[in-house]
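# A closer look at the structure
Here is how the chains run, residue by residue.
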Amino acid sequence: MTATKEEFFNPAKLSARDKAAATDHTARSIIAAEASMREKKTERLRLLRLEREAAEASPDPAPKRRKAPSSH
């Protein structure tokens, strides 16, 4: 099977409006995908932080001792 010029290049010229629309659509889909990934990562990290804080807060801190009154 031989490759032809028509398989690689679109013989019809796209208008500037069509090019802009295609670029806009592609850019918006990339931005939406990145935002989705960022939200998932943020949620995962938030859950890990809450778990870590809960594990660290579990042992009650020992009550602080008062200083003995000094006799002068």
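Sequence order sets the numbering: in each chain, residues are counted from 1 along the sequence as written. Only residues with pLDDT of at least 70 are given local features in this predicted model, and only at 80 or more are side-chain atom pairs given and counted; all residues enter the totals for whole chains, interfaces and linings. Here the side-chain values reflect all heavy atoms present in the structure, with hydrogen atoms and water set aside.

### Brief notes about the overall build of the protein chain
Operational definition: Only runs of H or I of at least four residues qualify as helices and only runs of E of at least two qualify as strands under DSSP, and these elements are numbered from the N terminus. Accessible surface area values rest on a Shrake-Rupley calculation with a 1.4 Å probe, where residue burial reflects the displayed protein chains alone.
Helix and strand content of the protein chain: two helices and zero strands. Counting every atom, the protein chain has about 7,700 Å² of accessible surface; 58% of that belongs to carbon and sulfur.

### Some words on the pattern of salt bridges
Going by this rule: For this analysis, a salt bridge means a side-chain nitrogen from Lys or Arg found within 4 Å of a carboxyl oxygen belonging to Asp or Glu. Only protein chains enter the accessibility calculation, which uses a 1.4 Å probe; a residue whose area is less than 20% of its type maximum is buried, one above 50% is exposed, and one in between is partly exposed.
Overall, the coordinates contain four salt bridges when judged by the stated rule. Between Arg-46 and Glu-43 there is a salt bridge; the shortest N-O distance is 2.8 Å. Highlighted residues: Arg-46 and Glu-43, both in helix H2 (residues 16–57), separated by three residues, approximately one helical turn. Residues Glu-53 and Arg-49 are paired through a salt bridge, measuring 3.5 Å at the closest nitrogen-oxygen approach. Residue Glu-53 and its partner Arg-49 are located together in helix H2, separated by four residues, close to a single helical turn. Overall, the relative accessible area of 35% leaves Arg-49 in the partly exposed class.

What is shown is where atoms sit, not what they do.
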